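Each chain is listed here by its residues.
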Amino acid sequence: MLAKIIVIGSSNTDMVVKAAHLPGPGETILGGTFLMNPGGKGANQAMAAQRLQSNQGQVAFVAKVGTDIFGQQAIQGFEQAGMDTRFVLKDESSPSGVALIGVDERGENSIMVAPGANANLTAAEVSRALSEIPNAEWVLLQLEIPLDTVENSIAECAKKGMKVVLNPAPAQKLSDDIFKNLYLITPNETEAELLTGVAITDTNTARKAAGILREKGVENIVITLGAKGAFVYNSTTDLLILSPIVEAVDTTAAGDVFSGALVVALSEGKSLADGITFACQAAALSVTRMGAQSSIPSRGEVEALLKG
Ligand code: RIB
């Protein structure tokens, strides 16, 4: 089976504690039960794409984990889901990535990542993987692997004619060269502000920030607005798409589920607006459950919510 979608990015093991509030500096608090589950922005997006596609296609994941038990468990999870794991590389020199996550009673989180092997994924390794996954049309990246790997991979994929989607998380400044190679960017409010200098408070400011990203060369801009939905902007569309109202238990990975779902929808030929509606439903379902990959809904669940 040829992969139509490639995800290049991080894989972590998430250590999660839910508590009434997130601890401040110097504060120790007693939380609830501990949850360990697979995470990492790259892996979450790859898993969301794999789980949400309608056909039996394979998503190819390009990443690096350690040779420890966390890395082994992560690969096992990818294989069970049916992903192409040939390019989930094993690093002898560093442990697998780990994320420490606190979740408060409103479902908001704070995350601290020890990147481990994620920090050693090189552009040459990605390039080798790309040459062995021919005919993929879509590639999805984030910013939890080295920036020069991201920059070089984006340039190479764009040169091959692939549609490049960047979820610019965690937030960091990017060189202007990246933007012209992007078919689509999916920042949240914080990331959009860092990339454009515009604080996103409403549709007007989202439009202003999106306009700046378009001037920099991005074809399609989707700014995610949490529970409020997503703002989409390109040469023909200027639209706020609402999210269904749900009770949030844990918002971790909602942005990852959104990006993975959106790429699936677009790869299946849906319009950008329909793709965002699909992605908003998938992300809304994910926030009603604890964890990152453990919270990704199935295609059937999203379609049922869409019909409802
Ligand atoms: O976006 C959520 C993810 O961020 C978590 O799964 C954690 O691993 C960090 O990468």
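All of these numbers come straight from a predicted model, not from anything done at the bench. (Residues numbered from 1 in each chain as written. Predicted model: local features only at pLDDT ≥ 70, side-chain atom pairs only at ≥ 80, totals over all residues. Heavy atoms only, no water.)

Engineer: I tried to follow the overall build of the protein on my own but got confused; where do I start?
Structural biologist: In terms of regular secondary structure, the protein is built from 10 helices and 13 strands. Whereas a compact globule of 308 residues would reach a radius of gyration of roughly 19 Å, the protein reaches 18 Å, a difference of no more than 12%. With the C-alpha coordinates of the protein rotated into their principal frame, the extents come out at 50 × 40 × 40 Å. Of all 308 residues assigned to the protein, the portion counted as buried reaches 52%. Excluding contacts between residues fewer than 6 apart, the proportion of contacts in the protein whose partners are at least 24 apart in sequence is 67%. Approximately 13100 Å² of the protein is accessible, and the part contributed by carbon and sulfur atoms is 52%. Charge separation in the protein, taken as the distance between the mean sites of 23 positive and 33 negative side-chain charges, equals 5 Å. (Helix = DSSP H or I, 4+ residues; strand = E, 2+ residues; numbered from the N terminus. Rg over C-alpha atoms; globule rule 2.2 N^0.38 Å. Buried < 20%, exposed > 50% of the residue type's maximum accessible area, 1.4 Å probe, protein only. Contact = heavy atoms within 4.5 Å. Areas by Shrake-Rupley, 256 points an atom, 1.4 Å probe, with all protein chains shown as cover. Lys, Arg positive; Asp, Glu negative; His and termini not counted. Charge placed at Lys NZ, Arg CZ, Asp CG, Glu CD.)

Engineer: Which parts of the structure should I look at to understand the site of the ligand?
Structural biologist: The local shell around the ligand holds 13 residues, among which Asp14, Gly40, Lys41, Glu144 and Asp256 are the closest. At 3.0 Å from an oxygen atom of the ligand is found a side-chain nitrogen or oxygen belonging to Asn12. Here an oxygen atom of the ligand sits 2.6 Å away from a polar atom, N or O, in the side chain of Glu144. Expressed as a share of its isolated accessible area of 280 Å², the protein-covered part of the ligand is 97%. Counting atoms within 2 Å of the grid points, the majority share of the ligand lands in the largest pocket. For the shell around the ligand, the secondary-structure elements that each account for two or more residues are strand 2 (12-18) and helix 1 (41-52). (Near = heavy atom within 4 Å. Polar contact = N/O pair within 3.5 Å; in protein donor to acceptor, adjacent residues only side chain to side chain. 1 Å grid on protein atoms, 1.4 Å probe; cavity = no way out; pocket = protein on both sides within 12 Å on 5 of 7 lines; lining within 4 Å. Sits in = over half its atoms within 2 Å of the grid points.)

Engineer: What is the right way to look at the sheet that holds strand 3 (residues 34-39) in this model?
Structural biologist: The strands making up a sheet associate through backbone hydrogen bonding, with each pair oriented either parallel or antiparallel. With mixed pairing, 4 strands are arranged side by side in an open sheet as 3-2-6-7. The open sheet has two edge strands, strand 3 and strand 7 (109-114), and neither has a second partner. Averaged over all neighbouring strand pairs, the angle between strand axes comes to 20°, with direction disregarded. When strand 2 meets strand 3, the two strands line up antiparallel, connected through 6 bridges. Directly across from Asp14, in strand 3, lies its bridge partner Asn37. (Pairing = 2+ DSSP bridges. Axes fitted to C-alpha atoms, helices over the stretch in contact; angles between N-to-C directions.)

Engineer: Looking at this model, I keep getting lost on the packing of aromatic side chains. Mind explaining?
Structural biologist: Centre-to-centre distance and the angle between the planes together describe a pair of aromatic rings. Applying the stated criterion to the full structure yields 3 aromatic pairs. Here the aromatic rings of Phe61 and Phe78 are separated by 5.2 Å at their centres, their planes lie at 80°, and the arrangement is edge-to-face. Remark: Phe78 occurs in helix 2 (residues 69-81) and Phe61 occurs in strand 4 (residues 59-66); sequence separation between them is 17 residues. Both residues of the pair, Phe61 and Phe78, count as buried. Relative to Tyr183, the ring of Trp138 has its centre 5.5 Å away and its plane inclined at 80°; by these criteria the two rings are edge-to-face. (Phe/Tyr/Trp six-rings, centres within 6.5 Å; stacked < 30°, edge-to-face > 60°.)

Engineer: Hey, could you run me through helix 8 (residues 254-267) in this one?
Structural biologist: It helps to recall that an α-helix has 3.6 residues per turn; residues three or four apart then point in one direction. Counted at 1.5 Å a residue, the expected span for helix 8 with its 14 residues is 20 Å, and the 20 Å between its end C-alpha atoms agrees. Once helix 8 finishes, Gly269 follows within two positions and takes phi at roughly 95°, a positive value. (Expected span 1.5 Å × (residues − 1).)

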